[in-house]
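One letter stands for each residue in the lines below.
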Amino acid sequence: MSDYLPEEVVLEILHRLPVKSLIRFRCVSKSWNSLITSSVFIKSHLTRSLSLPSNSNKLIVRHYIDNSSVDYYKLIDDNNDSFDQIQNIEFPLTTRRIQHFMLIGSANGLFSLREKERYILWNPSIRKFTTLPKPCITVKAHCIWRCRQAFGFDSRTNDYKVVRIAFPSRTNVFEQAKPPLIEVYSLNEGCWRITSASFPPGIAFTNWRHPATSLNGAVHFAAAYEYEPGGPCGPLVLSFDLRDEVFHVIPLPNGISRWINSVHTSVIGGSLSLLFCCGRHADDTCFAIWVMKEYGVFYSWTKQSTVDLNGGEINWVLGLQKNGNILVEANVEGPSLCSELSSYDPKSKQVKNLGICGTPFYFHVDNYIENLGLLDKPNETVSERRVIRKRKCRIKKNGTSAYVRPSER
């Protein structure tokens, strides 16, 4: 690999380099390119990245603006309380079928998104995306009326997976509801597969808008027991193990208010967390943040903090900052329907706007982790897709070739 340094020394140096440098250094030689794009190096580089304290210093914010077909992504330095260091990341795709891509989830810096039955994996660190094959379970073939998705990472198998829980529709109101079909896409296998996983009876999803959370090789959904006279009721967390492909029910902590309007899962400080919107009346609504200090241990649930919604000024809680403040989505005064990413100080109860606007309830904040994931996958760029689309639009007119734009078809 080098005439001057032992191979193990070169390897150690490369492991310490940022992703941007590694992308450039693939051009040094064929051996370096082969090494950097290997699955073994990608895995070991991610392991080191996750161990670095600097990885908790940057946040990536996803937001969407009405009447546009573009998703916006920004990097924020969480060490800087002024938030004046904001870097834009260009999202490489636009959609024409719907207003924007729906976010399925994020894990280790990779994002999973969908447009109808088209699924995308995108790595903003290396500015690369890949389109997944069409799922086995489709709306047309299986009469699916609704589908709940999740995206997660299993470190035990070093595999990223997309999970689809598809609910078949009933032909009439008297027909008994069919059990959901569970389908999993494995990035390592490169294909979808219908599993034999059994969805727990008597449980329904309660929050379809917010993405599920990936942690400890499982994805976690906000759910609830369906009401039955004399039976259990109320919210819960439903997890799906990505390796064993089985569901587990995680009970909620004792002492939470029973006046819960909404709940969604999150990861705060590396722990499974719950964000409750609770309050019996509109004027006393607040957010309560609970953290499971020891994963899987029911008695480790701890109340982290409470956020006063300030009479409707705050829409939603997004996560915690390193300085103890809480990232929230706050309303913007004016006739337009718009929210702004803001910082809430729990001591002074003051809200500071951070200058990033978007459509309400579509913000997503996560730690930014440099990752080489997808680097070992076939290249797929915007320009290549446009060429393919253009070729598909070629038709014959009077014995000559002509291009027809998609808008003209």
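Residues numbered from 1 in each chain as written. Predicted model: local features only at pLDDT ≥ 70, side-chain atom pairs only at ≥ 80, totals over all residues. Heavy atoms only, no water.

Q: Hey, could you run me through the overall build of the chain in this one?
A: Summing up its helical and strand segments, the chain has six helices and 27 strands in all. Within the chain, the proportion of its 409 residues that are buried is 47%. When contacts within the chain are restricted to residue pairs at least 6 apart in sequence, those whose partners lie at least 24 apart make up 48%. Accessible surface for the chain amounts to roughly 21500 Å². Of this, 50% is attributable to carbon and sulfur atoms. (Helix = DSSP H or I, 4+ residues; strand = E, 2+ residues; numbered from the N terminus. Buried < 20%, exposed > 50% of the residue type's maximum accessible area, 1.4 Å probe, protein only. Contact = heavy atoms within 4.5 Å. Areas by Shrake-Rupley, 256 points an atom, 1.4 Å probe, with all protein chains shown as cover.)

Q: Explain the sheet that holds strand E22 (residues 326-331) to me, please; I cannot follow it from the model alone.
A: Remark on secondary structure: sheet strands pair via backbone hydrogen bonds, oriented parallel or antiparallel. Read across the sheet, four strands follow the order E21-E22-E23-E24 without closing on themselves; strand pairing throughout is antiparallel. For this open sheet the edge positions go to strand E21 (314-320) and strand E24 (350-358), each flanked by a neighbour on one side alone. Taken pair by pair, the neighbouring strands of this sheet meet at an average axis angle of 30°, ignoring direction. Pairing analysis gives six bridges linking E22 to strand E23 (residues 339-345), with the strands arranged antiparallel. Note that in E23 the partner of Val328 across the bridge is Ser342. (Pairing = 2+ DSSP bridges. Axes fitted to C-alpha atoms, helices over the stretch in contact; angles between N-to-C directions.)

Q: Could you clarify how one ought to interpret the pattern of salt bridges in this entry?
A: Opposite charge on two side chains makes pairing possible when the charged atoms of those side chains draw close. Applying the stated criterion across every chain yields a total of ten salt bridges. Where Arg156 meets Asp154, a salt bridge forms, and the shortest distance between an N and an O atom there is 2.8 Å. (Salt bridge = Lys/Arg side-chain N within 4 Å of Asp/Glu carboxyl O.)

Q: Which parts of the structure should I look at to understand the sheet that holds strand E8 (residues 144-154)?
A: The four strands are arranged E8-E9-E10-E11 in an open sheet whose pairing can be described as antiparallel. A strand with exactly one partner marks an edge of an open sheet, and here the two such strands are E8 and strand E11 (191-194). Ignoring strand direction, the axes of neighbouring strands in this sheet form an average angle of 20°. Two elements, E8 and strand E9 (residues 159-168), share ten bridges in a ladder whose sense is antiparallel. Opposite Phe153, over in E9, you have Tyr160 as the bridge partner.

Q: Just checking my understanding: could you explain the nonpolar core for this structure?
A: Grouped together as the largest cluster of nonpolar side chains are 28 residues, with contacts concentrated most on Phe151, Tyr160, Val162 and Leu372. Elements with a minimum of two residues in this core: helix H1 (7-15), helix H2 (19-25), helix H3 (30-36), helix H4 (39-51), strand E4 (102-107), strand E6 (118-123), E8 and E9. When sequence neighbours within four positions are dropped, the list of residues in contact with Leu372 reads Val19, Leu22, Ile23, Ile36, Phe41, Ile42, His45, Asn123 and Ile126. The next biggest cluster of nonpolar side chains, apart from the first, holds 23 residues, and it includes Phe287, Leu309, Leu327 and Leu341. (Core = buried A, V, L, I, M, F, W, Y, C linked by side-chain atoms within 4.5 Å.)

Q: Explanation requested: a nonpolar patch on the surface in the structure shown.
A: A contiguous nonpolar patch, built from Tyr4, Leu5, Val9 and Ile13 and spanning about 420 Å² of accessible area, is present on the exposed surface. Examined against the element boundaries, Ile13 turns out to sit in helix H1. (Patch = residues over 30% accessible without salt bridge, like charges linked within 9 Å, V, L, I, M, F, W, Y side chains within 5 Å.)

Q: Even after reading the chapter, I still don't get H4, so can you show me in this structure?
A: Working note: α-helix, 3.6 residues per turn, so residues spaced by three or four point in the same direction. A rise of 1.5 Å per residue sets the reference length of H4, with its 13 residues, at 18 Å; its end C-alpha atoms lie 19 Å apart and thus fit the reference within 8%. Looking at H4, one finds that the buried residues are Phe41, Ile42, His45, Leu46 and Ser49. On an axial view of H4, the arc spanned by its buried residues comes to 130°, and they lie on one face. Of the exposed residues in H4, those oriented more than 90 degrees away from the buried face are Val40, Thr47 and Ser51. Check the buried side of H4 and you find it contacts H1, H2, H3, E8 and E9. (Expected span 1.5 Å × (residues − 1). Arc of directions from axis to C-beta.)

Q: Explain unusual backbone geometry here, please?
A: What you tend to see is this: most non-glycine residues have negative phi, and most peptide bonds are trans. Phi at Glu245 is positive, roughly 55°, even though this residue is not glycine. Mapped onto the elements, Glu245 comes out in the loop between strand E15 (234-241) and strand E16 (247-250). On the basis of relative accessible area, Glu245 is assigned to the buried category, the value being 13%.

Q: What exactly am I supposed to notice about the side chain of His63 here?
A: Secondary-structure assignment places His63 in strand E1 (residues 58-64). You can call His63 buried: its relative accessible area is 3%. Here the side chain of His63 touches Cys357 through a polar contact of 2.7 Å, landing on its backbone oxygen. In this view, His63 contacts Asp71, Tyr72, Lys74, Ile356, Cys357, Gly358, Tyr362 and Phe363; residues no more than four positions away in its chain are not counted. (Polar contact = N/O pair within 3.5 Å; in protein donor to acceptor, adjacent residues only side chain to side chain.)

Q: Where do I start with H1 in this structure?
A: Every buried residue of H1 is accounted for by Val10, Leu14 and His15. Down the axis, H1 shows its buried residues gathered within 135° of arc, on one side only. At its buried positions, H1 is contacted by H2, H3 and H4.

Q: Please explain the pairing of E21 as it appears in this structure.
A: Looking down a regular strand, the side chains alternate between one sheet face and the other. The element E21 is largely enclosed, with a buried count of six among its seven residues. Summarising the sheet, E21 and E22 pair through five bridges and their orientation is antiparallel. Bridge pairing in E22 places Val317 opposite Val328.

Q: Sorry if this is basic, but what is going on with the packing of aromatic side chains here?
A: Given two aromatic rings, one states the distance between the centres and the angle between the planes to describe the pair. Here the structure, examined in full by the defined rule, presents 23 aromatic pairs. Residues Tyr64 and Tyr362 carry aromatic rings whose centres are separated by 6.0 Å and whose planes lie at 65° to one another, so their mutual orientation is edge-to-face. With Tyr64 in strand E1 and Tyr362 in the loop between E24 and strand E25 (364-367), this residue pair connects regions lying 298 residues apart in the sequence. Look at Tyr119 and Trp192: their rings are 5.3 Å apart centre to centre, the planes differ by 65°, and that puts the pair in the edge-to-face class. Here Trp192 lies in strand E11 and Tyr119 lies in strand E6, a separation of 73 residues in the sequence. Take Tyr119 and Trp192: they sit in the same class, and that class is buried. Connected via pairs of aromatic rings, a cluster forms that spans Phe167, Phe199, Phe205, Trp208, Phe221, Phe240 and Phe247. We note Arg146 situated over the ring of Trp208; from NZ or CZ to the ring centre the distance is 3.9 Å. Geometry around Phe361 places Arg209 over its ring, the cationic atom sitting 4.6 Å from the centre. (Phe/Tyr/Trp six-rings, centres within 6.5 Å; stacked < 30°, edge-to-face > 60°. Lys NZ or Arg CZ within 6 Å of the ring centre and 35° of its normal.)

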